[in-house]
Amino acid sequence: MDNRPIGVFDSGLGGLTSVMALKDIMPNEKVLFYGDTARTPYGSKSPDTIREFSKQIVKYLIGKDVKMIVIACNTATSMALEMLKDEFKDIPIIGVIDPTVRRVVGDSPKSVGIIGTKATIDSNIYADTLSKYDFKIKTYSLACPAFVPLIEEGIIDNEIMDLTIKYYMDDFVRSGDFDSLILGCTHYPLISSNINRIYPDLRLYSSSAEVIRDVQTILTERDMLAEPNSYRDRYYASDLSENFLRMTDHMFK
Ligand code: DGL
């Protein structure tokens, strides 16, 4: 048993979708969330910058005595996970990509679509990881850089978001022969109902939720699950912006 909180971080606020999944599955677990709202988005930054920012946040979370760290950001996972695991060996650190890929591969699709930020898509990490598990799976990848700023502005349940989804994805969905789609960005679960409505035949996989199943497995194996306790969840942001308040309202209403 270990009642210390789980550290969860994201480049911004999308990682709160992982916190919501965590609370659903493991209500006893407490969370210390860090959203790097002052420096978001990571998706258009260089790999070195993303690694440096991620390292700073991991050090901060370790200083707060968390029991494990979840990188609830596809971009930071793509660029920094291996480096962080090498550098901070005393604490379990997991990212969103491997757990998502394992879940997808478990459903034996022939081909898979992947959407994410420019950095995640350019890194090719989803396609590479999928082929590591099943080299026969065909992949189709697409960067959708305007989704994150619109979501952070709260432009979600409306026509502008629907048109933006169609702008990016119509040709992609039409020309790729896939029926499974990885939402390879922690913001995208917030528009999964739009995507579902526009492309009802696609089966969606959320990286935010899949990583939490691995958290549960790791904590169970190491006997580190929390019991009911009085620790209060904490949410930190590097900039307390209006967007932060609006998004937390939207997500926890
Ligand atoms: N949280 C990031 C991700 O999952 C998206 C936002 C960003 O570009 O920083 O890729």
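Residues numbered from 1 in each chain as written. Predicted model: local features only at pLDDT ≥ 70, side-chain atom pairs only at ≥ 80, totals over all residues. Heavy atoms only, no water.

1. Observations concerning the site of the ligand
For the ligand, the set of nearby residues contains 14 residues, the closest of which are Asp10, Ser11, Tyr42, Gly43 and Thr75. The separation between an oxygen atom of the ligand and a polar main-chain atom of glycine 43 is 2.8 Å. Taking 290 Å² as the accessible area of the ligand by itself, protein coverage stands at 99%. A breakdown of the residues in the shell around the ligand according to their chemical character gives 5 nonpolar, 8 polar and 1 charged. (Near = heavy atom within 4 Å. Polar contact = N/O pair within 3.5 Å; in protein donor to acceptor, adjacent residues only side chain to side chain. Areas by Shrake-Rupley, 256 points an atom, 1.4 Å probe, with all protein chains shown as cover. Nonpolar A, V, L, I, M, F, W, Y, C, P; charged D, E, K, R; others polar.)

2. Section: the nonpolar core
Counting residues in hydrophobic clusters, the biggest one holds 62 residues, and the most contacted among them are Ile115, Phe147, Met169 and Tyr188. Top element by residues in this core is helix α8 (residues 159-175). It accounts for 6 residues. Excluding its chain neighbours within four sequence positions, the residues that come into contact with tyrosine 188 are Ile115, Gly116, Thr117, Cys144, Phe147, Val148, Ile151 and Leu183. Ranked by size, the runner-up nonpolar core spans 22 residues in total, among them Leu32, Ile50, Phe53 and Val58. (Core = buried A, V, L, I, M, F, W, Y, C linked by side-chain atoms within 4.5 Å. Buried < 20%, exposed > 50% of the residue type's maximum accessible area, 1.4 Å probe, protein only. Helix = DSSP H or I, 4+ residues; strand = E, 2+ residues; numbered from the N terminus. Contact = heavy atoms within 4.5 Å.)

3. Some details on the packing of aromatic side chains
Applying the stated criterion across every chain yields a total of 9 aromatic pairs. Relative to phenylalanine 178, the ring of tyrosine 140 lies with its centre 5.6 Å away and its plane at 35 degrees, an arrangement referred to as tilted. On the criterion of sequence distance, the pair formed by tyrosine 140 in strand β6 (residues 138-143) and phenylalanine 178 in the loop between α8 and β7 (180-184) is long-range, its members being 38 residues apart. One aromatic cluster is present, built from ring pairs that chain together Phe147, Tyr167, Tyr168 and Tyr188. The ring of phenylalanine 135 has lysine 136 sitting right over it, with the charged end atom 5.5 Å from the ring centre. (Phe/Tyr/Trp six-rings, centres within 6.5 Å; stacked < 30°, edge-to-face > 60°. Lys NZ or Arg CZ within 6 Å of the ring centre and 35° of its normal.)

4. Details of the pairing of strand β2 (residues 31-35)
Taking burial as the measure, the 5 residues of β2 include 5 buried ones, the bulk of the element. Burial along β2 is two-sided: Val31, Phe33 and Gly35 facing one way and Leu32 and Tyr34 facing the other are all buried. Looking at chain direction, strand β1 (residues 6-10) and β2 are connected through 5 bridges and run parallel. Within β2, the residue paired with valine 8 across the bridge is phenylalanine 33. (Pairing = 2+ DSSP bridges.)

5. So, the pattern of salt bridges
Counting across every chain of the model gives 16 salt bridges. A salt bridge links glutamate 210 to arginine 213; the nearest nitrogen and oxygen atoms lie 3.0 Å apart. A residue pair is termed a helical-turn pair when its members lie 3 or 4 positions apart in one helix, as glutamate 210 and arginine 213 do in helix α10 (residues 207-221) at 3 residues. Overlapping salt bridges bring together Asp98, Arg102, Lys132 and Asp214 as one network. (Salt bridge = Lys/Arg side-chain N within 4 Å of Asp/Glu carboxyl O.)

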